[in-house]
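Each chain is listed here by its residues.
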Amino acid sequence: MSNLHLRPYQKAVVDAIGNQNAIVKMPTGSGKTFVAAEFIRRDLMIRNQIAKSRRQQQDTDSATVATASTASSSENWSQVSSNSSQPTSEEMTALFLVPTCNLVSQQANTVRAWIGNGYEVTEYRGGMTSPTKRFDVLVSTPQSFLTLQQIEADKKWFNWSNIFACVFDEVHHVLKDHPYRIIAMLIKGWESQNDNNSKVHILGLSASLTYAVGHRAVEVSLSNLCHDLGVTKMISPTEEELLAGGYVPQDDSIETMQKPWDVPKGVIPESDRKQHLIHEMFMTRVENRTTTHFASRIYAVVREIEREIKSQCGNVSKSESSFKSPLGQIKLTSWEDFAHKMTKKHVGALSVLYQLLEIWYVALRMVCQSWEEEEQLVIQWLVINDGFHKEGWFGPKLEAS
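Residues numbered from 1 in each chain as written. Predicted model: local features only at pLDDT ≥ 70, side-chain atom pairs only at ≥ 80, totals over all residues. Heavy atoms only, no water.

As for the overall build of the chain
What the chain contains, in helices and strands, is 14 helices and seven strands. Across the 401 residues in the chain, those meeting the buried criterion constitute 49%. For the chain, the proportion of contacts with a sequence separation of at least 24, taken over those separated by at least 6, is 71%. (Helix = DSSP H or I, 4+ residues; strand = E, 2+ residues; numbered from the N terminus. Buried < 20%, exposed > 50% of the residue type's maximum accessible area, 1.4 Å probe, protein only. Contact = heavy atoms within 4.5 Å.)

What follows is the structure in structure tokens.
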């Protein structure tokens, strides 16, 4: 670590994060980036400690193998090395996401200065060549990182299984149509599907978590944000703590975000939206055929996949032949949770169909939660997750959709 030191309130914030996913709200100029840098440094230390322990265990296992018989030795070594294709703890990296290209070098330099020598901090943004050397921290814009995952899919460096921590700078962008939201959902999807219960340690930073949409809507958005990021803590130093720690207030410490997308025609006016009735209001619009054209098409595809599954269920045992749509459930995330559970339960064509249905349930949830506004974000989600991929054995109606 460098000779730099945290202010008391910064240290208190990092200490409070611990091993939980957290969102930190601190005003402009209060040192959020230093909080993120210390968060990464501590996780790197834990990574190194785990790697050291595993090396010691492997040395012990190797010694045991060397003293065994030839046949037994071969069998045991195979078990010790069976996970060699997976990244070791020391190879795992931290990801620091920033919303704009001009922030990449700025935040990377801060992290370098903070964590000191011995760690490799790499920058990546549009127009740069893909990293070719191992790194400990990658600072990138979200869209550039998503592209990197696609063009370098064969490199484990950029897989979620190789990332132990992720920082979202200006995390409020996750609330709306932004690549941050895609990444949040990709992390959530990977965590729900990996077999070893691995998690990405998430930290979100923001000077303000408000959009200009009213207090009630802000509370709902924050609830969705915490759910999508798996956040269990929201931390914000008090004004007294900030001033006692040397923070000097700035005039631009409050940030108000305007909607960065065009609102589709025909959505429910904000003044008429009742968050506790979001499911009922959406389904009523579906029944009355008053949803936007985009929302109606997403809903139609979901229903067609469900019908295809019902048809496929007729080919399995009677105990597994029933299908009941979860769309009547008020808890929107229960839709995708149901499909994911059924993906694990079945095999073959039926499992693939449930996997496709899970992707489209998420898309429909995004449509519903956004009051039918987030069309581009939904399309991005479907493209990234191969939601438009069609197998030849799908029924003719699903092929046509």
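Additional details are given in the paragraphs that follow.
Regarding the packing of aromatic side chains
Each aromatic ring pair is characterised by the separation of its centres together with the angle its planes make. As enumerated under the stated definition, the model contains seven aromatic pairs in all. Their ring planes at 80 degrees and their centres at 6.3 Å tell us that Phe338 and Tyr354 sit as a pair that is edge-to-face. Remark: Tyr354 occurs in helix 12 (residues 348-369) and Phe338 occurs in helix 11 (residues 333-345); sequence separation between them is 16 residues. For Tyr354, a relative accessible area of 1% gives the class buried. The rings of Phe323, Phe338 and Tyr354 are connected pair by pair, giving a single aromatic cluster. (Phe/Tyr/Trp six-rings, centres within 6.5 Å; stacked < 30°, edge-to-face > 60°.)

Description of the pattern of salt bridges
Under the definition given, this model contains 14 salt bridges. Residue Arg112 pairs with Glu123 through a salt bridge whose shortest N-O separation is 3.0 Å. Of this pair, Arg112 sits in helix 4 (residues 102-115) while Glu123 sits in strand 3 (residues 121-124), and the two are eleven residues apart along the sequence. A residue is classified by how much of its surface remains accessible, and Arg112, at 31% relative accessible area, is partly exposed. (Salt bridge = Lys/Arg side-chain N within 4 Å of Asp/Glu carboxyl O.)

Digging into the pairing of strand 4 (residues 137-140)
Going residue by residue along strand 4, you find Val137 and Val139 tucked away on one face and Leu138 and Ser140 tucked away on the opposite face as well. In this structure, strand 2 (residues 93-97) lies alongside strand 4, joined through four bridges in parallel fashion. Its bridge partner being in strand 4, Phe96 is matched across the sheet by Val139. With four bridges connecting them, strand 3 and strand 4 associate as parallel partners. Looking at strand 4, one finds that Tyr124 is bridged to Ser140. (Pairing = 2+ DSSP bridges.)

With respect to the side chain of Arg273
Relative to the helices and strands, Arg273 is located in the loop between helix 8 (239-244) and helix 9 (278-288). For Arg273, a relative accessible area of 17% corresponds to the buried category. Side-chain polar atoms of Arg273 contact the backbone oxygen of Ile268, separated by 2.7 Å. Contact partners of Arg273, with chain neighbours within four places excluded, come to Val267, Ile268, Trp371 and Glu373. (Polar contact = N/O pair within 3.5 Å; in protein donor to acceptor, adjacent residues only side chain to side chain.)

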